[in-house]
Amino acid sequence: MAIQVTRTYVASIRNQQQVKSDLDSLGFAASKLWNIARWTCDRIWSETGTIPEDGPLKAYLKTHERYADLNSQSSQRVIEELAEAFKGWYAKRRNGDDRANPPKYRKHNGDHPRSTVTFKEDGFKHDSKNNRIRLSKGRNLKEHWSDFILCEIEAESPGNETAGIDLGIKNLAAVSYSTGDHELYPGNALKTDERYFAKEIAKCNSSRSNKALWLRRKRSERRSHYLHAVTRHIVEECVERGVGTIAVGNLEGIREDDETGEVRNWGDRGNEGLHRWAFDRFTNLLTYKAKAEGIAVVVVSERDTSKTCSCCGQKRDANRVERGLYVCRGCNAVMNADSNGAENIRCRLDQAEKVTLSPRSSEDRSSGRVARPVVNLFRRGEHDPSCGQGTFAEQASICEP
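In this text, all values refer to a predicted model and were calculated from it rather than measured experimentally.

Chemist: Would you mind going over the environment of A100 in detail, with residue names and values included?
Modeler: For A100, the position within the fold is in the loop between α3 (72-94) and β2 (124-127). With ten residues separating them in the primary sequence, A100 and Y90 have C-alpha atoms 8.7 Å apart. Excluding residues within four positions of it along the chain, A100 makes contact with W89, K92 and R93.

Chemist: So what's going on with the pairing of strand β4 (residues 148-156)? Which residues, and what values?
Modeler: Taken together, the four bridges between strand β1 (residues 10-13) and β4 define a ladder with antiparallel strand orientation. By the bridge assignment for β4, S12 is matched with E154. Two strands pair when backbone bridges link them, and strand β3 (residues 132-136) and β4 are joined in this way by five bridges, in the antiparallel orientation. Opposite I133, over in β4, you have C151 as the bridge partner.

Chemist: Tell me about the pairing of strand β8 (residues 243-250), residues and numbers included.
Modeler: Across the eight residues of β8, seven count as buried, placing the element largely inside the fold. Sheet analysis places β8 next to strand β9 (residues 296-301), joined by six bridges and oriented parallel. The partner of G249 across the bridge, within β9, is V300.

Chemist: Pulling in residues and values, what's your account of the packing of helix α2 (residues 54-61) against α3?
Modeler: In the contact formed by α2 and α3, the axes pass within 9 Å of each other and the chain directions differ by 140°. In this view, α2 runs oblique relative to α3, as classed from their interaxial angle. Crossing hand, α2 versus α3: right-handed. Here D54, L57, K58 and L61 of α2 come into contact with α3, specifically with Q76, I79, E80, L82 and A83.

Chemist: Outline the sheet that holds β3, listing residues and values.
Modeler: Pairing is antiparallel in the open sheet, where four strands are placed in the order β1-β4-β3-β2. Looking at which strands have only one partner, the edges of the open sheet turn out to be β1 and β2. Within the sheet, the average angular offset between the axes of one strand and its neighbour, ignoring direction, is 35°. The sheet contact formed by β2 and β3 spans four bridges and is antiparallel. When the sheet's bridge partners are listed, H126 is paired in β3 with I133. Set on the sheet, helix α1 (residues 16-48) makes contact with β1, β3 and β4; between it and β4 the angle comes to about 115°.

Reading the values: the criteria
- Every chain is numbered on its own, with residues counted from 1 as its sequence reads.
- Residue-level local features of this predicted model are given only where pLDDT is at least 70; pairs of side-chain atoms are given and counted only at 80 or more, and the full residue set underlies all totals for whole chains, interfaces and linings.
- Water and hydrogen atoms were dropped before computing side-chain values, which therefore reflect all heavy atoms in the structure.
- Runs of H or I in DSSP of at least four residues are treated as helices and runs of E of at least two as strands, each being numbered from the N terminus.
- By the convention used here, residues are in contact when the closest approach between their heavy atoms is within 4.5 Å.
- At least two DSSP bridges between two strands are needed for those strands to be called paired.
- Summary of the burial criterion: residues with accessible area below 20% of their type's maximum are buried, those above 50% are exposed, and those between are partly exposed, where the area comes from a 1.4 Å probe applied to protein chains only.
- Throughout, an axis means a line fitted to C-alpha atoms (over the contacting stretch in the case of helices), and angles, computed between N-to-C directions, take values from 0 to 180 degrees.
- Convention used here: angles under 35 degrees read as roughly parallel, angles over 145 as roughly antiparallel, angles from 65 to 115 as roughly perpendicular, and any remaining angle as oblique.
- Crossings are assigned a handedness: left-handed for a near helix turned anticlockwise from the far helix by less than a right angle, right-handed for a clockwise turn.

By themselves these figures say nothing about function.
Right under this line is the structure:
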């Protein structure tokens, strides 16, 4: 079954002066609709003690005059964004962040900051031959029934290279590029944080004490910063190499044994790490950062990628002799196990009908970059090691047995 790939193109508007006023009116309309939806949530909240989901909220506001200022799909997206903002606030409060505030009104000193307007399938038409996009106006903003905004654009096409990402516990991410490069992102910093904060929280008199809540919030902030740093660094590397599509392994069945289907026992430390590591969070952050650069992210099955040789295709459990070492008995290739898995994930993109893959490198992989990937270490602030901020620094290429 083919993998459906949606690519994002980043473009700039060339006739900005001609369409500036019309685009501004759409941004203003989106802010007004956001505020109306926010006020409606306040009213329902005060009466029922709950915030409505986006579905009922869209149905309720569908007849409101401001709803028709935008294309219906664009209006729906404004309300969906508000619902997502409320969900984000809920999550922070559940994690003990008492400083988290619900989404605010988009209004400041009588002015309305312009909001982002999203156009879905029914709201735009793309003329690729003439580099134009036709954007729909809402019924209230049209001067006549066929009124629209015609934007002349200059699009930057994403590259044709590909990348595969294998997610794990020891190495949070192993990345294989079609250019032949391989990189690892060890999770040492994240695991150190998890152990440190777990011990400090255990010392507190109460799990709901101010100190315990502060420690949980601090742990969440450091974890979030680390995941942002990893995904940002990966996307920057993809842009530099001209990557247009990234394949990420689907960890949906990682807790199940391949043969029996029963829950795997990864050991105490492995289970603890597995349950705490935010793989979904990583994929979500990577996706939106990649999308901003015009790079598509596709989730593919990870089944058997750790057992299969990326050189000859032999599948054998015994080939993975240690956690970090893969030795193929068929072709004698010696590779870093996580890099081998990432290469197999990348190669599964050939199932996608709309993706053209670069051929595998012909170099001897037993002594190539699959065996000795670049290791990117996360370094905390030099003057304040306890600070959650940090960046990645490249370490000399090594083979991790």
